Amino acid sequence: MNIQEGARDASNRIKWMDVVHEGRPGQGAVRVNHDAVFPAWMWVLDYASDALCMTPWECVCMQMRPFVRLFLALLRRGRNRYNKYGKRDNYSIPILLLFPASPSTGSSTYFMHLNQVPAGGACLLTHPERNRAMLDVFTVTCSGWFDPEGVGISTYTVTLYSPGGPPRPMVSHLANRGAQVIPLVFPPGTFDVEVAVTDKWGAFATVVVEWGLEIAMPSKEEYENAHVESLIQKLEGSGDVEMLTMTVTANTAVSFKSEWMSLSGTPAEEQTKTLLQLSEQTNTAAKALSQQTSFDTIGPVAVTSNTIAEVMSDSTANLLVAKSIDIEARNTIIEVVQAMVEGIEQQEVIAPKQLQVAGDNIASITSSLMLSIGMVVSDQNCTASGPSDLHKSDDLTFDTDIGTDIYMEIPIELTEIRKCNVRDVSKDLSAAQIPVLDELLTNLSKAILRKSVVGEQHTLDGRNGVLIKTGLTVLNGSAVEIYLGTRGAKISLPEGFCPTGKCNDTVGYAATLWPYPTHTYTESADNLAFGSNIVDMKFMDRELSDLKVKHTEDPIVVVIPRTLDRMGVPLPSGPEFVNSTEASGRSLPIIYSKFSITKNDSSVNIEITPNGSDHRLFLILSSSLMPTLTHHMWFSMVEDIPVKRNDTYDWFLPSSAINGTASYYLGVGEFQQDFDVSLMDDPVRNNVSLGSVQNVSVDYNLQVLTSGCYYFDEDAKEWMGKGLEVVHSDREVTRCEAGHLTSFGAGFFVTPNTVDFDYVFANLGFHDNLTIYITLILTLTIFIILAIWARHKDKLDVRKLGAAPLPDNRVEDKYLYEVLVFTGNKKEAQTDSNVYFVLSGSEDETAVRGLCDGQRNIFRKNGIDVFVMAVPRPLGPLLYLRIWHDNSGKGTNASWYLRYIVFRDVQTGDKYEFIANQWLAVEWDDGEIDRLLPVATGEQRTQFRHLFDTTSNKNLADSHLWFSIFLRPHRSRFTRCQRVGSCFALLFLSMLVNAMWYDRVPEQPRPGLKLGFFSLSPEEIGVGVMGNLIVFPPSFLIVFMFRKARPRHLRKSRIELALKRHSEKEESSSNDSAKTGDLPKPPDQPDAATSTNIIHKKQKKKKMTLPWWFSLLAWALVLACIVISCFFLLMYGIMFGNSKTTKWITALAVSFFSSVLFMEPVKIFLLAILMSVVFKSPDLDEDDVEEDEEEPILVQDEAWLHTNTERRRRPCIPTMIDERALQTLRKTRQREVKMYSIFKEIVIYTLFMWIVLILSHGNRDPNAFFLQRTLREAFLNEGARDNTDFTKVTNSDRLWTYLQNGFLHRLRADVLYNGKAPYRLRGFLGDQNNRIMGYGTIRQIRVRDKTCRLPNYITRLGVRCNGYSSLGWEDTNHYCLGWASPSSATVNTTLCQHSYFRHTTAAQLDSFPVWGARDWYGGGGYIVRLRGKTEDLLRVFHFLQENHWIDEMTRAIIIEFSSYNANVNLFGLSRIMAEFTPGGGITPTFSFEGISLLQHHKNFGSFILACEVAFIAFVLFYMVREVKALCRAPASYCRDYWSYAEVAIILACCAAIVIYLLRYMATSAVLSEFDKTFGNGYINLQYAALLNEIYLYLVSFILFVGILKFIKLLRFNKRIGILSMTLRQCWEDLKGFLIAFTLCFFSFVAMFYLMLNKHLQGFYNFVTAVESCFSMMLGKFNFEKMREVSLVVPVMFFIFVLFNSWVIINLLLTIIIRTFMEVRHSARNQPNEYEMVRFVWGRFKSVLVSSGRSSNVPLSANTPASTVCSNTRDVEHSESDVQIQEFPRKVDKFLEHINSVYFKGSLDYSSKTSLQSSMYGNKTSS
């Protein structure tokens, strides 16, 4: 076996083993420079078998010592010199190769020649006068240098060395003949100047020409006078690259390091000016270097890379200076770096060490570029953009498309828009720049690896922290650790890690440590903390091809350090100090803190530092809920935490233990000394309680840190955390485990600690907690105002408690009855008429008595009036009550609805109830105003209707706490003020309970109670039970104590007060009553003093009451509930934060109002039904009055004695009402009611129609026409001659032309007229006025294959038939690229995953069918979403056109988008359709609509809202009215055709309300999505527009029918009546006429359809033929086109016009005119409502004449009661009037006394005749 030696060629450096079949050893030797490491390589020239070449060999030196597996060479100096060149610098190395498995061997000798360095010369540095940086020129002169080998000198390189800094090559001067004079320009600083003289074979000698050279910084004046910019331009023009490079380097150093160019402490304007100057200098330097430098040798690469590295290092020294690197500079520098790396790859270097300096500089440049890009791109607030970019922002591209980020918020200020555009442009550029930079470093690493041998490792160390380690190695399956830098970065490869699959293969690697995050252009870069380092690891095979490392068996450990307190990265905030002394006074001994995990795949570090060692501290942790000793997720004693640094314990929870994002609560406590910690193994079973915990005795510091690991997915272009696990984390590093290799980064987030009440009391600021403070203040203010108002109303209610004595009571009558009159709750139930009654008992009956009260209004709606009636003797058990009124009230107050009357015998306590529930009215029910009511039996009192009405009214006014504040019965003990206190105590308790469990119930459903859609989880049930346990007891106690606490002092008896009041009135009104004295007793009336049969009052069992001071206790409980609740509500509000508190208050308000207005009334009515059906309690008139008053004091003679058990005969009471007068009054009242009804109906209906008109016209805007015209002109481009006129589109090619050149450029705002970027127009259409809502879509409708049938002989030819798609034949299948049907082999490939060829349903698009000119089209289709950049969309259009997206199966291309014009508050709905007919060709159709959906935001928005509410109220009113009318007279209602009009209007109104609500919800959803996505999300207005259209149709129908209804309302007008009667009379003739007209008309339609459907578009189908024929009747036709079709058509057209326009129409007029004449001359057919006109006019005149008095004549008989009640209505009386009014009563009293004493009651003095008859009758009998 022969082995050939020699130097390895650069083109073969990637080959570790090359097999050669034949050849001979070469004769040359390898030239080796001093201190150079070079690779040796060998060729196997011949071999015994293939197995020998495929098996590893061993290589040994001549001593036969093992060295390394694989084909390597060993360089050993000083061995076996040979003198081939006649010198002693030649060496030979014998090498022997052994094959371990066989005796095969191979040997060879490696020959080397040591190249001698240049010698014999010297270099001298010449100084200028002042040694100023950049301004002064130094000179280095070198002479006398020669090459010992005679190959010649190549370059003279000047390098600067600063203390502690890297070497800085200044110039690489090409050698020429003679002495070398090198001019130099230095940057400021102190340097050692070294000159390296290099021969053409690479050997070099170095000479230090000066040590410690100090270069001074020039002054500002000197710098400005130098005109550096002109100097650089001059150097560019001269081509002096060496001087240009040095000048640029020096100028950059001066600019960034001079004090007069410093940015710190300068005003903002000066900073901006300085940054602009720095940016200009950087751009100048970058351009100069890119244009003038050639990188064909390593020297220029080193010099130029050093210059750019200096520039980038200075410009990225801090965040402020970094703004000087603008977009232009980055692009230029990247181009220069690319050129340098390409030059390095082409360089002929022997050892990688020659690339060290250039590699370090390029790594530094790349890192600085990464940082500069990341600063701008990752800036969320758009504040990192430099002034230079802002100054050039008008020249930047500004895409007005909203992009793909639907949650991107568009700024408003122009400056901010410019800054954000700089960020966006930088982000777009960085998506291409960062991969280029990454590839540059990879190529640089590969260039180094090509010159490396196995075992070598090279490190590139940049100036700003970037570090790259490269090398070749054989892993052999052993574990490997690669350290990067000194801050702990490390990559640990597990055992058995073999990226090529063979562990003995040679692999190359490149490990990179980035000091800052890379790939920041992705949205997922937010997962990375700004201070996170990036660790990148790449493996390559022996050919240096990249290896993908995925799914390793054992995890790869990556340790990622953090950059802290550098380049704007802040240090973590310090731990929070907790003072145990302050915390010891807490109600709970455990101190709680809260923190949040905001990123997925995060770990947690809890660092606690106790200030002492003698403690038993423990930590408990839980998610969502505060942990307890028995319920927690994690527990640990502090002293058991394994990780401890100094005195800090670090409790680490890995990412596998933390499940997603959530809020966590940490509790810190301390066990008592005698507590057994082992009990915490099962605290529930061991019953561990807070008794084992003491107050924390030591102070401590606490901090919580969260960390995460993420990798960059090259395919998805995202930072992801899936598959990574954080196994350790602290302040400095994060240790991750991964199953793959890529770029790794770490997240690091510091969460603030919130410690229980300490946090609350520290954050009590008003502005930070505005919502909770305002809520509490407003609620308490409302409480105080309501309490004051309620107290005032309570005082007024006291006045209503008394009883009114009947005005006809006599002082001598001592037997008392209390009368309770209950007026109904119906409309117009109250009355002002005088009410009279006669009460009959088993023993006696009263005379006609009047229910009157001259001091207050009585018989009000739903009122209770109490009277005291005095009678001479007991009436016995009451039997009947006759009650009536005189109809003297005015208008509606003449009628009265009586519920029932209760008479209570004051002496015995017996109660008698007379139930009416009837009208006493001439216009209601049976028209009677006189009722005879029997006493109610038990069955009547427990009837459901009576009980339900009474109970529901009472409960609604008394039991509903909130309603009862305003409706409280005045006889109730529970005052309004007390009710206010009870309500607010309940309100605050409910708010507290709601806050306690707000957001506590998990959203995920759990097993529980489920009934249909109603479900309750165990948590919800538990919360409900606990909430009721907190709210119910105190609220129940408060109400119970208020209701049951009796007053401190009982009120005087209302009976006594009434009697006293009547007595005083009698004494003051009748002076002769006192003079007359007592009249003699009737002879048949025994003396009370002598009687022994005394009626005893029944002792009624009193209700249970509480002492008066219980009301004070209730008030104390009210105040306690309010104060405690307010305190805790404030605490909860502060803990929630302002945002969460707002949501909580909103939810609470909705719950409160729904409960008060809906739930509570429903419960009351259900309870009333239950009480009426089940319990049937008849004692509904009982209240608290009797128990809160003193018993009436009845002296002995006031208890009537029963000596006569027979019923006393009373004289016959005459008829109280004149029937003829009543009938007249009834008719008059009915006419009056009808008059008011018609008048009210006209007024109300006019108001209703006025509101409908407002609502209908409010939905229409005059600007809608101009909006649709603008959209049409903008997008149709009618009249254009560049094939972009949509109306001229006739085929698919022209359609693509329109889309690409016409439509797309008008879909978004373009560059302005002055060439500037269209700032402020992001998301706007091309007209710059309409803002697009989301993005537009192009939807294709396709037809299924073979949707029509062909003849068999045509089918055999292979012809396919595809008709219209309609709605049932649309294609809904998924396809592959080019509409190819997917197969099992292609269905999962990328060819079948293009969204453009996959069907999207209508539900996914939130779309509805569309009616085009040719067909109906469904809401789904194949979608192209028009979002992204214009260039990207144009590429999509070209891609679709190339793949025949539009083909013969296409039936419609529908372009849809929505817009909003804020100037006119209109939404624009645009639809452009190209309909493909099956026969070929395209029919362009379009629709542009301007719709108004936001009416409440206009100037009259509140008025519109009020009209909408009024509209709903009107609909409810008419609905109730029509239901009542139907129930009252169903037969006549159904016969009246106006009833159907009413029903139609009501149904249309109800439908309009429903549609309006749906439209409102749809609009709200659209606006919510618009607001949530900042107008960037997909929004389809089709649903809202459809609802809006239906709503307008309904409102139009309502207006149409409603206006026609005025014919009915104005029927009392003679002309309107004649019109109505004419239509009614001629209807029979019209029906026959319509039949004849229809037959005649449609015969002509059929004829014209058959004749013209192939020639005229107006007749292409039967519907359009009908429309065209109607137009012909109206005179609209195209006669010339019809004549061109056929000569028959004009003839038929003439016949059609003659017959239809002359004969038919005249016949219709004849029918109507004849009927009209008949109605006009027929008096009997005129409407009866004409009398109403005269009546209305008469009533109007009577009102004017009577000055507004009532026209009702009182219907009363000559009874004392009628006179008395009439007198009580007067307010002021003269003395004579009083005497005149008293005279009849006194005469009646006198006659009654005579009749009783002398005639024993036998006289009948009701009339003169009766009196004479009774007197003579008495004489005769006597």
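This text follows the structure it describes.
This section reports on the structure supplied with the text. Bear in mind the structure is a predicted one, so any value in this text is a computation, not a measurement. (Residues numbered from 1 in each chain as written. Predicted model: local features only at pLDDT ≥ 70, side-chain atom pairs only at ≥ 80, totals over all residues. Heavy atoms only, no water.)

Remarks on the overall build of the protein
Along the backbone of the protein there are 42 helices and 58 strands. Of all 1822 residues assigned to the protein, the portion counted as buried reaches 47%. (Helix = DSSP H or I, 4+ residues; strand = E, 2+ residues; numbered from the N terminus. Buried < 20%, exposed > 50% of the residue type's maximum accessible area, 1.4 Å probe, protein only.)

A word on the packing of aromatic side chains
In total, this model carries 58 aromatic pairs according to the counting rule given. Aromatic side chains Tyr 897 and Trp 919 sit 5.3 Å apart centroid to centroid with 70° between the ring planes, which places their arrangement in the edge-to-face category. With Tyr 897 in strand E45 (residues 896-905) and Trp 919 in strand E46 (residues 911-920), this residue pair connects regions lying 22 residues apart in the sequence. There is no split in this pair, since Tyr 897 and Trp 919 are both buried. Summarising the aromatic geometry, the rings of Tyr 1298 and Phe 1303 are spaced 6.2 Å apart at their centres and angled 40° between planes, so their arrangement reads as tilted. Pair check on accessibility: Tyr 1298 and Phe 1303 agree, each one buried. One aromatic cluster is present, built from ring pairs that chain together Phe 1633, Phe 1637, Phe 1641, Phe 1642, Phe 1644, Phe 1648, Tyr 1649, Phe 1659, Phe 1662, Phe 1670 and Phe 1696. (Phe/Tyr/Trp six-rings, centres within 6.5 Å; stacked < 30°, edge-to-face > 60°.)

Let's talk about the pairing of strand E12 (residues 168-174)
Counting buried positions along E12 gives six out of seven residues, so the element sits mostly inside the fold. Between strand E11 (residues 153-161) and E12, which follow one another and run antiparallel, lie six residues, and Gly 164 among them has a positive phi close to 75°. (Pairing = 2+ DSSP bridges.)

Looking at the state of the cysteines
A full pass over the atoms with the stated rule returns four disulfides. The disulfide partner of Cys 123 is Cys 142, and the S-S distance across this bridge is 2.1 Å. Here the S-S torsion is close to 115°, and the disulfide linking Cys 123 with Cys 142 is therefore right-handed. Remark: Cys 142 occurs in strand E10 (residues 138-143) and Cys 123 occurs in strand E9 (residues 122-126); sequence separation between them is 19 residues. By relative accessible area, which is 12% here, Cys 123 ends up buried. (Disulfide = S-S within 2.5 Å.)

Notes on the sheet that holds strand E39 (residues 804-805)
Reading across the sheet, the five strands line up as E39-E43-E40-E45-E46 and stay open at both edges, with mixed pairing between neighbours. Across the chains shown, the open sheet's two edge strands, defined by having one partner strand only, are E39 and E46. In terms of strand pairing, strand E40 (residues 815-823) meets strand E43 (residues 864-871) through eight bridges, oriented antiparallel. Across the sheet, residue Tyr 817 finds its bridge partner in E43, namely Met 869.

Some words on the side chain of Gln 907
Examined against the element boundaries, Gln 907 turns out to sit in the loop between E45 and E46. The exposure class assigned to Gln 907 is buried, which follows from its relative accessible area of 5%. Side-chain polar atoms of Gln 907 contact the backbone oxygen of Leu 816, separated by 2.9 Å. (Polar contact = N/O pair within 3.5 Å; in protein donor to acceptor, adjacent residues only side chain to side chain.)

Here we look at unusual backbone geometry
Phi is positive for His 227, close to 50°, though the residue is something other than glycine. On the secondary structure map, His 227 appears in the loop between helix H2 (220-226) and helix H3 (228-238). You will see that His 1444, though not glycine, has its phi angle at about 55°, which is positive. In this structure, His 1444 sits in the loop between helix H28 (1430-1442) and strand E56 (1450-1461). The class of His 1444 is exposed, set by a relative accessible area of 54%.

Looking at the environment of Cys 1121
Inspection of the secondary structure assignment puts Cys 1121 in helix H21 (residues 1110-1136). When the C-alpha positions of Cys 1121 and Val 1031 are compared, they lie 9.7 Å apart, and in sequence the two are 90 residues distant. Those residues in contact with Cys 1121 that lie beyond four places of it in its chain are Ala 985, Leu 989, Pro 1034 and Ile 1038. (Contact = heavy atoms within 4.5 Å.)

Digging into the pattern of salt bridges
Inspection of the entire model under this criterion finds 33 salt bridges. Where Arg 1272 meets Glu 1278, a salt bridge forms, and the shortest distance between an N and an O atom there is 3.0 Å. In this structure Glu 1278 comes out as partly exposed when scored by relative accessible area, which is 40%. For the salt bridge of Asp 1432 with Arg 1435, the shortest nitrogen-to-oxygen distance reads 2.0 Å. Here the residue Asp 1432 and the residue Arg 1435 both occupy positions in helix H28, the gap between them amounting to three residues, near one helical turn. Look at the salt bridges and you will find they share partners, linking Glu 1241, Arg 1521, Glu 1522, Glu 1542 and Lys 1605 into a network. (Salt bridge = Lys/Arg side-chain N within 4 Å of Asp/Glu carboxyl O.)

So, the packing of helix H25 (residues 1292-1306) against H28
Look at H25 against H28: their axes get within 11 Å of each other, and the N-to-C directions meet at 175°. By the criterion of interaxial angle, the relationship of H25 to H28 is roughly antiparallel. Taking contact as the criterion, the partners of Asp 1293, Trp 1296, Leu 1299, Gln 1300, Leu 1304 and His 1305 in H25 are, on H28, Thr 1430, Leu 1433, Leu 1434, Phe 1437, His 1438, Leu 1440 and Gln 1441. For the contact of H25 with H28, a count of residues per class yields seven nonpolar, five polar and one charged. (Axes fitted to C-alpha atoms, helices over the stretch in contact; angles between N-to-C directions. Parallel < 35°, antiparallel > 145°, perpendicular 65-115°, else oblique. Nonpolar A, V, L, I, M, F, W, Y, C, P; charged D, E, K, R; others polar.)

Focus on the pairing of strand E41 (residues 835-841)
Across the seven residues of E41, seven count as buried, placing the element largely inside the fold. The side-chain alternation of E41 yields two buried faces, one formed by Val 835, Phe 837, Leu 839 and Gly 841 and the other by Tyr 836, Val 838 and Ser 840. Where E41 lies against strand E42 (residues 849-851), three bridges are found, and the strand directions are antiparallel. Bridge assignment links Val 835 to a residue of E42, and that residue is Leu 851. In the sheet, E41 pairs with strand E44 (residues 878-885) via seven bridges, with the strands oriented antiparallel. What sits directly across from Val 835, in E44, is His 885.

Overview of a nonpolar patch on the surface
Together, Val 1691, Phe 1694, Ile 1695, Leu 1698, Phe 1699, Trp 1702 and Val 1703 make up an exposed nonpolar region whose accessible area comes to about 650 Å². On the secondary structure map, Trp 1702 appears in helix H38 (residues 1688-1720). Taking relative accessible area as the criterion, Trp 1702 reaches 53% and is therefore assigned exposed. (Patch = residues over 30% accessible without salt bridge, like charges linked within 9 Å, V, L, I, M, F, W, Y side chains within 5 Å. Areas by Shrake-Rupley, 256 points an atom, 1.4 Å probe, with all protein chains shown as cover.)

Re the packing of helix H7 (residues 327-345) against helix H10 (residues 414-450)
In contact at an axis separation of 10 Å, H7 and H10 are set at 15° when each is read in the N-to-C sense. When the axis of H7 is compared with that of H10, the two are roughly parallel. The way H7 lies across H10 gives a crossing that is left-handed. Residues Ile 327, Arg 330, Asn 331, Ile 334, Val 337, Gln 338, Val 341, Ile 344 and Glu 345 of H7 pack against Val 422, Val 425, Ser 426, Leu 429, Gln 433, Val 436, Leu 437, Leu 440, Asn 443, Leu 444 and Ala 447 of H10. A breakdown of the residues in the contact of H7 with H10 according to their chemical character gives 13 nonpolar, five polar and two charged. (Left-handed = near helix turned anticlockwise from the far one by under 90°.)

A few points about a positive patch on the surface
Together, Lys 826, Lys 827, Lys 861, Lys 1240, Lys 1524 and Arg 1528 give the surface a local cluster of positive charge. Relative to the helices and strands, Lys 861 is located in the loop between E42 and E43. (Lys, Arg positive; Asp, Glu negative; His and termini not counted. Charge placed at Lys NZ, Arg CZ, Asp CG, Glu CD.)

Focus: the sheet that holds strand E23 (residues 556-561)
As summarised here, the arrangement of the five strands in space is E18-E19-E23-E36-E35, forming an open sheet in which the pairing is antiparallel. Pairing within the sheet leaves two strands with one partner each, and these edge strands are strand E18 (480-484) and strand E35 (725-729). For this sheet, the mean angle separating the axes of adjacent strands, direction not counted, is 15°. Pairing between E23 and strand E36 (residues 733-738): six bridges, direction antiparallel. From the neighbouring strand, Val 557 faces E36, where its bridge partner is Glu 737.

Brief notes about H28
Helical geometry: 3.6 residues make up each α-helical turn, so side chains three or four residues apart lie on a common side. With 13 residues, H28 ought to run about 18 Å at 1.5 Å a step, and its terminal C-alpha atoms sit 18 Å apart, in line with that. Every buried residue belonging to H28 is among Thr 1430, Leu 1433, Val 1436, Phe 1437 and Leu 1440, and all of these are buried. Buried positions in H28, seen along its axis, are confined to an arc of 115° and lie on one side of it. Residues Arg 1435 and Glu 1442 are exposed on H28 and point more than 90 degrees away from its buried face. Its buried side turned inward, H28 meets H25, strand E51 (1336-1342) and strand E55 (1421-1426). Just downstream of H28, His 1444 is the residue with a positive phi angle, here 55°. (Expected span 1.5 Å × (residues − 1). Arc of directions from axis to C-beta.)

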